[in-house]
Amino acid sequence: MRNPLRSEAEAFRFLVVVVVGAALIVAASYGNTWAGVAVAVLVFAALGRWLMR
Amino acid sequence: MSSYSHAAESLPHEGEHHGPPEPHYSSRIMPATLGMYLFIASEIMLFGSFFTAYFFVRVVNGTPWPTPPYHIPLFVATINTFILMTSSATMHWATQAIKRGNVWGMRAGLLLTFLMGSAFLISQIYEYMRAGFNTSNGAFATIFFCLTGLHGCHVFVGLTILLFMTIRAFRGHFSAEEHHGVEIGGIYWHFVDVMWIVVFTTVYIL
């Protein structure tokens, strides 16, 4: 499992991933609230997969 | 004679450890890093409780967000977000610089990070003064100030850590081989920025 706070460089990478994920959720939710919810589920699943890799 | 020999036997032999037993250190993680992990874990739980309150106010109770006639100061918060993200980049630059032995790069990176963090905090205080509502103006205002204020407290703690890091950097305490203080402070600063992205997205945009 990947530790997002293992080092400063890893924490910075995690921040970039969170920024991209948040931007995707915001972009989807502007069109439709439920699209935002669906993208949020996908983003959290992808984030979980990235952390478990 | 016998009491003397008994006392001599009870004395520790040469090379034996005196006092309390030596602490056990994990071979995988440094104590300072473990301390920062536990601190960040407690912070995540604290933010979690505030986000639970936000969720109940906005989703379960269906409170309008923002509650009319109030407006969320989105413009200042967006500028602040760019400032904070840039400060994370300079923090990363500082750490990478000292890893390569570039002391002045680290000093410049830490100083810029500190200045941008201060700018964030000052403009947030300015935003509070111009918001037009306060904590007594309903659930929306309470949650708004609690979440952004809690994050502001974390920025203040991060700035205090950064101040000490910068002072130590200018005193020559860090080198390419010895820079754990910069590494740990950087982890905390990035954590504060991750929390701001979550707060900014949920409170200001969505």
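Colleague: I'd like a rundown of the overall build of chain A, residues and numbers included.
Modeller: Scanning chain A for helices and strands turns up two helices and zero strands. With respect to the three principal axes, the spread of C-alpha positions in chain A is 35 × 20 × 10 Å. Relative to its full complement of 53 residues, chain A shows a buried share of 43%. In chain A, the proportion of contacts linking residues at least 24 apart, taken out of those at least 6 apart, comes to 42%.

Colleague: Would you mind going over the overall build of chain B in detail, with residue names and values included?
Modeller: Check the secondary structure of chain B and you find six helices and zero strands. Order of helices (α) and strands (β) in chain B, N terminus to C terminus: α-α-α-α-α-α. On C-alpha atoms alone, chain B measures out to a radius of gyration of 24 Å, which is more than a quarter above the 17 Å that the 2.2 N^0.38 rule sets for 206 residues. Structurally, chain B occupies a C-alpha span of about 90 × 45 × 25 Å along its principal axes. In chain B, once contacts between residues fewer than 6 apart in sequence are set aside, the share between residues at least 24 apart is 78%. Here chain B contributes 8 positively and 10 negatively charged side chains, and the mean placements of these two sets differ by 19 Å.

Colleague: Please give an account of the pattern of salt bridges that cites residues and values.
Modeller: All names here are of chain A. Considering all chains together, one arrives at three salt bridges over all chains under this definition. The residue E10 makes a salt bridge to R13 at a minimum N-O spacing of 3.0 Å. In this pair, E10 and R13 both sit in helix α1 (residues 8-31), three residues apart, roughly one turn of the helix. For E10, a relative accessible area of 5% gives the class buried. Via salt bridges that share partners, R6, E10 and R13 belong to a single interconnected network.

Colleague: Mind laying out unusual backbone geometry, listing which residues take part and the relevant values?
Modeller: All names here are of chain B. For the peptide bond that leads from W65 to P66, omega is -10 degrees, which places it in the cis range. Counting through the fold element by element, P66 comes out in the loop between α2 (31-60) and α3 (74-99). Residue P68 is joined to P69 through a cis peptide bond whose omega torsion reads 10 degrees. Relative to the elements of secondary structure, P69 occurs in the loop between α2 and α3.

Colleague: Report on a nonpolar patch on the surface, specifying residues and quantitative values.
Modeller: Residue and element names in this part refer to chain B. A cluster of nonpolar residues, W93, W104, L111, L112, L115 and F170, forms a patch on the protein surface that exposes about 620 Å² of accessible area. At four residues, helix α4 (residues 103-130) tops the list of elements feeding residues into the nonpolar patch. Of note, L111 is situated in helix α4.

Colleague: Account for the interface of chain A and chain B, with residues named and values stated.
Modeller: Between chain A and chain B, the contact holds 17 residues from the first and 19 residues from the second. Both faces considered, chain A and chain B share a buried interface measuring about 1,500 Å² in area, 77% of it formed by carbon and sulfur atoms. Of all residues in chain A, L5, E8 and L15 of chain A bury the most surface against chain B, accounting for 43% of the area lost on that side. At the boundary of chain A with chain B, the tally comes to zero salt bridges. Along the contact surface separating chain A from chain B lie five residue pairs in polar contact (both at pLDDT 80 or more). Class assignment for the residues of the side of chain A that touches chain B results in twelve nonpolar, three polar and two charged.

Colleague: Before we move on, could you go through the environment of T135 of chain B and cite the residues and values that matter?
Modeller: Residues and elements named next belong to chain B. Inspection of the secondary structure assignment puts T135 in the loop between α4 and α5 (138-170). Sequence-wise, T135 and F145 are ten residues apart; in three dimensions their C-alpha atoms are separated by 6.5 Å. Setting aside anything within four residues of it in sequence, one finds T135 in contact with T142 and F145.

Colleague: Can you break down the packing of α2 of chain B against helix α6 (residues 180-205) of chain B residue by residue, with the values?
Modeller: All names here are of chain B. The interhelical angle for the contact between α2 and α6, taken along N-to-C directions, is 10 degrees, at an axis separation of 11 Å. In terms of orientation, α2 lies roughly parallel with respect to α6. Two secondary-structure elements touch here, α2 through A32, T33, M36, F39, I40, E43, I44, F47, F51, Y54 and R58 and α6 through H180, I184, I187, Y188, F191, M195, V198, V199, T202 and V203. Of the residues belonging to the contact of α2 with α6, the class tally is 16 nonpolar, three polar and two charged.

Colleague: So what's going on with α6 of chain B? Which residues, and what values?
Modeller: Counted at 1.5 Å a residue, the expected span for α6 of chain B with its 26 residues is 38 Å, and the 36 Å between its end C-alpha atoms agrees. Across the 26 residues that make up α6 of chain B, a large majority, 22, are buried.

Colleague: Talk me through the confidence of the model for chain B; I want residue IDs and the actual numbers.
Modeller: Close inspection of predicted coordinates is inappropriate in any region flagged by low pLDDT. Per-residue confidence for chain B gives a mean pLDDT of 87, with 91% of residues at or over 70. Predicted complex metrics record ipTM = 0.92 and pTM = 0.84.

Calculation notes
- Residues numbered from 1 in each chain as written.
- Chains lettered and ligands numbered in written order.
- Predicted model: local features only at pLDDT ≥ 70, side-chain atom pairs only at ≥ 80, totals over all residues.
- Heavy atoms only, no water.
- Helix = DSSP H or I, 4+ residues; strand = E, 2+ residues; numbered from the N terminus.
- Buried < 20%, exposed > 50% of the residue type's maximum accessible area, 1.4 Å probe, protein only.
- Contact = heavy atoms within 4.5 Å.
- Rg over C-alpha atoms; globule rule 2.2 N^0.38 Å.
- Lys, Arg positive; Asp, Glu negative; His and termini not counted.
- Charge placed at Lys NZ, Arg CZ, Asp CG, Glu CD.
- Salt bridge = Lys/Arg side-chain N within 4 Å of Asp/Glu carboxyl O.
- Patch = residues over 30% accessible without salt bridge, like charges linked within 9 Å, V, L, I, M, F, W, Y side chains within 5 Å.
- Areas by Shrake-Rupley, 256 points an atom, 1.4 Å probe, with all protein chains shown as cover.
- Buried area = accessible area lost by both parts, 1.4 Å probe.
- Polar contact = N/O pair within 3.5 Å; in protein donor to acceptor, adjacent residues only side chain to side chain.
- Nonpolar A, V, L, I, M, F, W, Y, C, P; charged D, E, K, R; others polar.
- Axes fitted to C-alpha atoms, helices over the stretch in contact; angles between N-to-C directions.
- Parallel < 35°, antiparallel > 145°, perpendicular 65-115°, else oblique.
- Expected span 1.5 Å × (residues − 1).
- pLDDT = per-residue confidence, 0-100.

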